[in-house]
Amino acid sequence: MPIISNNPTSTNIVLFKQLTGYPNYGNPSRNADILYTGDQGTWTIELPAFFLIPGRLRSQLIISAVLDDHQNVPANRYSARISINGNVVHNGRLPLQHGTPAGGMFMNWRQLTFSVPNLRRINRITIVNTSNTAPDDWIGLDWMELRLFPQ
């Protein structure tokens, strides 16, 4: 005899953005965006108008990220300032490791999760690589997701 449940369904909406700037490290796409030391990038995630109901949704941004494969550079020297729609949600060291295996498709991407304080129709994510590292050291970004949940 089966054991089943019939819990109420819940609505969660996920807007996914694959990043494809450099063809080597992403997993499983093999593509990722790269921010070298001192670089800044801005990405947009646009909501369809019918999703934006003021005060009815809470949201999170998930960023899949990893450090370069430069094992000789201490991971604690890598940092970033991350802003969503002009609000800084992270400023400092990143809880990431160097990418492995070196030179190939990295298998140790981590997800960074941030609450979105002011959801908009067009959401701008700006990341500044503020690392205390050499100009050719970098942070890799594989994808971003904007997750929407009812209040």
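The shown structure was predicted, so the numbers you read here are calculated from the model rather than taken from an experiment.

**Student:** Would you mind showing me how to read the overall build of the chain here?
**Tutor:** Counting its secondary structure elements, the chain contains 0 helices and 10 strands. When its helices and strands are written in sequence order, the chain yields β-β-β-β-β-β-β-β-β-β. Each principal axis of the C-alpha distribution contributes one length, and for the chain these read about 55 × 45 × 25 Å. For the chain, restricting intrachain contacts to residue pairs at least 6 apart in sequence, the fraction spanning at least 24 positions comes to 79%. For the chain, the exposed area adds up to about 8400 Å²; of that, 50% sits on carbon and sulfur atoms. Charge centroids of the chain, computed over 12 positive and 9 negative side chains, lie 13 Å from each other.

**Student:** What's the story with the nonpolar core in this structure? I'm lost.
**Tutor:** Generally speaking, a soluble globular protein has its nonpolar side chains buried in company with each other. Counting 28 residues, the largest nonpolar core has Leu61, Ile63, Ile127, Leu141 and Met144 as the members making the most contacts within it. Elements with a minimum of two residues in this core: strand 4 (40-46), strand 5 (57-67), strand 6 (79-84), strand 8 (110-115), strand 9 (122-129) and strand 10 (138-150). Counting residues per element, this core draws most heavily on strand 10, which supplies 5 residues. What isoleucine 63 contacts, discounting residues up to four positions off in sequence, is Ile82, Arg110, Gln111, Leu112, Phe114, Ile125, Ile127, Leu141, Trp143 and Met144. Formed by 7 residues, the second largest nonpolar core is a distinct cluster that contains Ala32, Ile34, Phe106 and Trp138.

**Student:** Looking at this structure, I do not really get the environment of threonine 126. What am I missing?
**Tutor:** Within the fold, threonine 126 resides in strand 9. With 40 residues separating them in the primary sequence, threonine 126 and glycine 86 have C-alpha atoms 8.1 Å apart. Dropping the residues within four chain positions of it, threonine 126 is found in contact with Gln40, Gly41, Thr42, Arg81, Ile82 and Ser83. Polar contacts involving the side chain of threonine 126 include one to the side chain of threonine 42, which spans 3.0 Å.

**Student:** Sorry, what's going on with the environment of proline 95 here?
**Tutor:** Counting through the fold element by element, proline 95 comes out in the loop between strand 7 (87-93) and strand 8. Judged by relative accessible area, proline 95 falls into the exposed class, the value being 52%. Separated by 64 residues in sequence, proline 95 and asparagine 31 have C-alpha atoms that sit 21 Å apart. With sequence-adjacent residues up to four places away left out, proline 95 is seen in contact with Arg110 and Leu112.

**Student:** Any chance you could explain the side chain of serine 59 here in plain terms?
**Tutor:** Tracing the chain through its elements places serine 59 in strand 5. The buried category is assigned to serine 59, whose relative accessible area is 7%. Residues in contact with serine 59, not counting those within four places in the same chain, are Phe114, Ser115, Val116, Leu119, Leu146, Arg147 and Leu148.

**Student:** I tried to follow the pairing of strand 10 on my own but got confused; where do I start?
**Tutor:** Every regular strand shows the same layout, with side chains that alternate between the two sheet faces. Of all the 13 residues making up strand 10, 11 are buried; the element is thus mostly covered by neighbouring parts of the structure. Relative to strand 10, strand 1 (residues 13-18) runs antiparallel, the two being bridged by 6 bridges. Bridged to valine 14 within strand 10 is arginine 147. As paired elements, strand 5 and strand 10 share 11 bridges and run antiparallel to each other. Looking across to strand 10, one finds that leucine 61 is bridged to leucine 146.

**Student:** Explain the pattern of salt bridges here, please?
**Tutor:** Pairing between side chains of opposite charge can happen when their charged atoms approach one another. This model, assessed by the stated rule, comprises 2 salt bridges. In this structure, arginine 121 and glutamate 46 form a salt bridge, with 3.1 Å as the shortest nitrogen-oxygen distance. Pair noted here: arginine 121 is in the loop between strand 8 and strand 9 and glutamate 46 is in strand 4, with a separation of 75 residues, a long-range link. Classification of arginine 121 as partly exposed rests on a relative accessible area of 35%. On the accessibility criterion, glutamate 46 (49% relative accessible area) is partly exposed. Arginine 147 serves as the salt-bridge partner of glutamate 145, at 2.7 Å between the closest nitrogen and oxygen. Assessed through its relative accessible area of 12%, glutamate 145 is described here as buried.

Rules of the game
- Throughout, residues of each chain are indexed from 1 in the direction in which the sequence is written.
- With pLDDT at 70 or above as the cut-off, local features in this predicted model cover only qualifying residues; side-chain atom pairs require 80 or more to be listed or tallied, and sums for whole chains, interfaces and linings still use all residues.
- Each side-chain value is worked out from all heavy atoms of the structure, with water and hydrogens disregarded.
- Going along the chain from the N terminus, every DSSP run of H or I of four or more residues is numbered as a helix, and every run of E of two or more is numbered as a strand.
- Any two residues whose heavy atoms approach within 4.5 Å at even a single point are treated as in contact.
- In this description, accessible areas are obtained by the Shrake-Rupley approach with a 1.4 Å probe, and a residue is regarded as covered only by the protein chains that are shown.
- Neither His nor the chain termini are counted; the positive set is Lys and Arg, and the negative set is Asp and Glu.
- One atom stands in for each charge, and that atom is NZ of Lys, CZ of Arg, CG of Asp or CD of Glu.
- To define a nonpolar core, start from buried Ala, Val, Leu, Ile, Met, Phe, Trp, Tyr and Cys residues and group those joined through side-chain atoms within 4.5 Å.
- The classification of residues rests on relative accessible area computed with a 1.4 Å probe and restricted to protein chains. Under 20% of the type maximum is buried, over 50% is exposed, and intermediate values are partly exposed.
- Within 3.5 Å is the distance limit for a polar contact, defined as a pair of N or O atoms, with the added protein rule that one can donate a hydrogen and the other accept it, and that residues adjacent in sequence qualify only through two side-chain atoms.
- The criterion for strand pairing is that DSSP finds at least two bridges linking the strands in question.
- Should a side-chain nitrogen of Lys or Arg be within 4 Å of a carboxyl oxygen of Asp or Glu, the pair is scored as a salt bridge.

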